[in-house]
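# Survey of secondary and tertiary structure
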Amino acid sequence: MMHTTDMSIQSTRAQWPRLMAYFGLASLWGLAVYFALSISDKKTNWDTTFCGVWGCSAPIAAVISCHLVWGLFLLPFAVIVCAKCSKRVTRITGMTTVCVAVSAILVLVVYEYFHWYRFVQPAYRIYFGRRIALSLFSQIDFPILPLLLTGLGVWWVSLLRPDKVLSRAEQEDGQVSEEVVSS
């Protein structure tokens, strides 16, 4: 009976460093979100730079702040997938995320074609690419750019990850399994 209690006390003591690490990471993440939200009210000289025949964006700092917050919300999921999942799952997750972002970009292009391109004067249609860029940058309701960057990052990590992780004994002995050599 005494032995079981000692084991539970030891396991509880072993959990404290992990809990403190999680608390520290959560605190850093919260500070990053706070910083991203705090830059939304900054006034810059660039606020009206992206205005033209193609439209005008919201204040640049506010849009960048929204993109940063979306990216910070996607970051923990990307880190978990890269750290805990296999190479195959990581690759599929990255590719799927990129495909969702590219699909959203295509939907945005079709939307802008039917709601802007067809109704502007023919002389202004040369600005369609700028209109797409403005719409893509200003799109903060659905995180197209953060999804694209997160998906590319996860996919890139999957390409860098080895197929099989070698144990320390295999690394020291110089033994390489056939799976690593064949890939």
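Fair warning: this is a prediction, and the values are worked out from it, not measured in the lab.

Conventions we followed
Residues numbered from 1 in each chain as written. Predicted model: local features only at pLDDT ≥ 70, side-chain atom pairs only at ≥ 80, totals over all residues. Heavy atoms only, no water. Helix = DSSP H or I, 4+ residues; strand = E, 2+ residues; numbered from the N terminus. Buried < 20%, exposed > 50% of the residue type's maximum accessible area, 1.4 Å probe, protein only. Contact = heavy atoms within 4.5 Å. Areas by Shrake-Rupley, 256 points an atom, 1.4 Å probe, with all protein chains shown as cover. Phe/Tyr/Trp six-rings, centres within 6.5 Å; stacked < 30°, edge-to-face > 60°. Core = buried A, V, L, I, M, F, W, Y, C linked by side-chain atoms within 4.5 Å. 1 Å grid on protein atoms, 1.4 Å probe; cavity = no way out; pocket = protein on both sides within 12 Å on 5 of 7 lines; lining within 4 Å. Points joined across faces, edges and corners; volume = space filled by probe spheres on them. Axes fitted to C-alpha atoms, helices over the stretch in contact; angles between N-to-C directions. Parallel < 35°, antiparallel > 145°, perpendicular 65-115°, else oblique. Salt bridge = Lys/Arg side-chain N within 4 Å of Asp/Glu carboxyl O. pLDDT = per-residue confidence, 0-100. Left-handed = near helix turned anticlockwise from the far one by under 90°. Expected span 1.5 Å × (residues − 1). Arc of directions from axis to C-beta.

## Brief notes about the overall build of the protein
Each helix and strand in the protein was counted, giving 7 helices and 0 strands. Along the protein, helices and strands appear, N-terminal first, in the series α-α-α-α-α-α-α. Looking at the 183 residues of the protein, the share that counts as buried comes to 24%. In the protein, the proportion of contacts linking residues at least 24 apart, taken out of those at least 6 apart, comes to 69%. When the accessible surface of the protein is summed, it comes to about 13,100 Å², and 68% of that surface belongs to carbon and sulfur atoms.

## Some remarks on the packing of aromatic side chains
Between two aromatic rings, the relevant description is the distance of the centres plus the angle of the planes. One pass over the structure, following the stated rule, counts 5 aromatic pairs. For the pair Trp116 and Phe128, a centre-to-centre distance of 6.4 Å together with 20° between the ring planes defines the contact as stacked. Residue Trp116 is located in helix α3 (residues 87-117), and its partner Phe128 is located in helix α4 (residues 128-138); the two are separated by 12 residues in the primary sequence. Since its relative accessible area comes to 8%, Trp116 is described here as buried. Judged by relative accessible area, Phe128 falls into the buried class, the value being 18%. With a centroid separation of 5.1 Å and an interplanar angle of 70°, the aromatic rings of Tyr117 and Phe128 are classed as edge-to-face.

## Side note on the nonpolar core
Counting 6 residues, the largest nonpolar core is built from Trp54, Trp116, Val120, Phe128, Ile132 and Leu134. Apart from the residues lying within four places of it in its own chain, the contact partners of Phe128 are Val109, Glu112, Tyr113, Trp116 and Tyr117.

## Side note on the layout of surface pockets
In this structure, the largest pocket occupies an estimated 310 Å³ of space. Every residue lining the largest pocket is listed: Tyr22, Leu25, Ala26, Leu28, Trp29, Ala32, Leu72, Leu75, Pro76, Val79, Ile80 and Lys84. Breaking the lining of the largest pocket down by element, the ones donating at least two residues are α1 (2-38) and α2 (60-84).

## Comments concerning the packing of α2 against α4
The interhelical angle for the contact between α2 and α4, taken along N-to-C directions, is 60°, at an axis separation of 9 Å. Comparing the axis directions of α2 and α4 gives the class oblique. Counting all contacts with α2, which are made through Ile60, Val63, Ile64 and His67, the residues of α4 involved are Leu136, Phe137 and Ser138.

## Considering the pattern of salt bridges
Scanning the model with the defined rule gives 1 salt bridge in all. For the salt bridge of Arg131 with Glu112, the shortest nitrogen-to-oxygen distance reads 2.8 Å. A residue pair is termed long-range when its members are at least 10 positions apart, and Arg131 in helix α4 and Glu112 in helix α3 qualify at 19 residues. The residues Arg131 and Glu112 share a single accessibility class, namely buried.

## Some points on the confidence of the model for the protein
For the protein, per-residue confidence averages 83 on the pLDDT scale, and 80% of positions sit at 70 or higher. Of the regions scoring below 50 in pLDDT, residues 177-183 engages in 8 contacts with residues more than four places distant in sequence or in other chains.

## Re the packing of α3 against helix α5 (residues 144-160)
The geometry of α3 relative to α5 is characterised by a closest axis approach of 8 Å and an angle of 155° between their N-to-C directions. As summarised for this structure, α3 and α5 are arranged roughly antiparallel, according to the angle between their axes. For the element pair α3 and α5, the recorded crossing hand is left-handed. Where α3 abuts α5, its residues Lys87, Thr90, Arg91, Gly94, Met95, Thr97, Val98, Val100, Ala101, Val102, Ala104 and Ile105 lie against Ile144, Leu147, Leu148, Gly151, Leu152, Val154, Trp155 and Ser158.

## Looking at α5
With 17 residues, α5 extends 24 Å from end C-alpha to end C-alpha; this agrees with the ideal 24 Å at 1.5 Å per step. Those residues of α5 that sit buried are Ile144, Pro146, Leu147, Thr150, Gly151, Val154 and Ser158. For α5, the arc enclosing every buried residue in end-on projection is 160°, short of the 170-degree limit, so these residues lie on one face. Projecting away from the buried face of α5 at angles above 90 degrees are the exposed residues Leu149, Trp156, Leu159 and Leu160. Against the buried residues of α5 lie α2, α3 and α4.

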